[in-house]
Amino acid sequence: MGQNQNIKKIILGILIVINIIIYYAIFNYIYFKPKVLFLPVGEGDSELIKTRAGNILIDAGPKQNVLVPLSKSTSLFDKTIDIVLITHPDADHFEGLLKILDYYKVRVVVLNNFNSQNGAYIELLLRLCKQKIPIVLGTTDTIIYLGKPDTFLKVLYPDMQNLQNIKTDNDFSIVSLLNLNNKKFLFTGDITAKFLDGVVNKFLRGQTIDVLKIPHHGAKNTLSDNILKNMLVGKAVIEVGKNSYGHPTDFIINLLRDFGISYQRTDLDGIIEFQ
């Protein structure tokens, strides 16, 4: 008799847990709001785009720094990242993906560099092949639709000709534009002002960018007067951590102030969220 009661209690407990999980899933679905989160990963980049269509992670920071803010930004039951976009093969942008692959299901990876001699990056490419994770070439006009025709992530740069001529990893950086909730987010990796100026002139002249991810943690050679004159920037985010490079530089901070652009920093503000 006692054994039967214990079995009933166990079954009842299981049913309660299942009901809680179902309720939580329904609640999340009904009240879900798409959002963009800039994750504090130290001196590195990682941005999480959450939509009903799935999760997109742009860059994964250095070492395993991304794991804690990523877990805080996703639910306990959400262990799938549908698309990871790696802007370029610098460790502070891709290294965390090696750790993410241990804990999350990754469906697709977007990148554009297969020639880097970085040992950890080669390890990542081999790992993706071993786990049979599809790789999509991230070049101009690659578009990721996110459930609605007006909600998408579009790669603006580089094109195939750029890939043949670029000499430095930073200028391989994938520059992408996100349309979400009637807002535009510009993600820039570590691109330099010389190449970003060309992107703005070709694709973004006269447009409003609600949120600009400042390239290369606020290094001096990443923005210019001309870039900010040719598009209207609402807010900026600087992804930065403790470093010996002087990031973000006074030049970038003063430039943003000159144009009246408010900014936030991941080293000071932690996870930065936009809806």
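This text follows the structure it describes.
Below, the structure is looked at part by part. (Residues numbered from 1 in each chain as written. Predicted model: local features only at pLDDT ≥ 70, side-chain atom pairs only at ≥ 80, totals over all residues. Heavy atoms only, no water.)

A look at the overall build of the protein
And then number 1: Counting secondary structure elements, the protein contains 10 helices and 14 strands.
And then number 2: Expected size for 275 residues packed as a compact globule is a radius of gyration near 19 Å; at 21 Å, the protein falls within 12% of this value.
And then number 3: For the protein, the proportion of its 275 residues judged to be buried stands at 50%.
And then number 4: Within the protein, contacts between residues at least 6 apart in sequence are counted, and of these 66% link residues at least 24 apart.
And then number 5: Carbon and sulfur atoms provide 55% of the accessible area of the protein, an area that totals close to 13800 Å². (Helix = DSSP H or I, 4+ residues; strand = E, 2+ residues; numbered from the N terminus. Rg over C-alpha atoms; globule rule 2.2 N^0.38 Å. Buried < 20%, exposed > 50% of the residue type's maximum accessible area, 1.4 Å probe, protein only. Contact = heavy atoms within 4.5 Å. Areas by Shrake-Rupley, 256 points an atom, 1.4 Å probe, with all protein chains shown as cover.)

Side note on a nonpolar patch on the surface
And then number 1: Together, F114, L137 and M160 give the surface a local cluster of nonpolar side chains, amounting to about 280 Å² of exposed area.
And then number 2: Looking at where F114 falls in the secondary structure, it is placed in the loop between β5 (105-111) and α5 (119-130). (Patch = residues over 30% accessible without salt bridge, like charges linked within 9 Å, V, L, I, M, F, W, Y side chains within 5 Å. Salt bridge = Lys/Arg side-chain N within 4 Å of Asp/Glu carboxyl O.)

A few points about helix α7 (residues 193-204)
And then number 1: Spanning 12 residues, α7 covers only 14 Å between terminal C-alpha atoms, well under the ideal 16 Å at 1.5 Å per step.
And then number 2: Buried within α7 we find A193, L196, D197, V199, V200 and L204. When α7 is viewed along its axis, its buried side chains cluster within an angular range of 160 degrees and face the same direction. Opposite the buried face of α7, at more than 90 degrees from it, the exposed residues are K194 and K202.
And then number 3: Elements in contact with the buried residues of α7: β8 (152-157), β9 (175-180), β10 (183-187), β11 (208-213) and α8 (225-229).
And then number 4: In the segment just after α7, G206 is the residue with positive phi, at about 80 degrees. (Expected span 1.5 Å × (residues − 1). Arc of directions from axis to C-beta.)

Section: the packing of aromatic side chains
And then number 1: Going through the model one piece at a time under the given rule, you end up with seven aromatic pairs.
And then number 2: Residues Y157 and F195 carry aromatic rings whose centres are separated by 6.0 Å and whose planes lie at 50 degrees to one another, so their mutual orientation is tilted. With Y157 in strand β8 and F195 in helix α7, this residue pair connects regions lying 38 residues apart in the sequence.
And then number 3: Ring centres 6.5 Å apart and planes at 10 degrees place the aromatic pair F185 and F187 in the stacked group. For the pair formed by F185 and F187, the shared burial category is buried.
And then number 4: The structure contains a cluster of three or more aromatic residues connected by ring pairs, namely F38, F185, F187 and F274.
And then number 5: Residue placement shows K220 over the ring face of F251; its charged tip is 6.0 Å from the ring centre. (Phe/Tyr/Trp six-rings, centres within 6.5 Å; stacked < 30°, edge-to-face > 60°. Lys NZ or Arg CZ within 6 Å of the ring centre and 35° of its normal.)

Points about the sheet that holds β11
And then number 1: Pairing in this open sheet of seven strands is mixed, and the strands run β7-β8-β9-β10-β11-β12-β13 from one edge to the other. The two strands at the open ends of the sheet, each matched to only one other strand, are β7 (143-145) and β13 (262-265). Each neighbouring strand pair of the sheet contributes to a mean axis angle of 20 degrees, computed without reference to strand direction.
And then number 2: Sitting on the sheet, α7 touches β8, β9, β10 and β11, and the angle it makes with β8 is about 125 degrees. (Pairing = 2+ DSSP bridges. Axes fitted to C-alpha atoms, helices over the stretch in contact; angles between N-to-C directions.)

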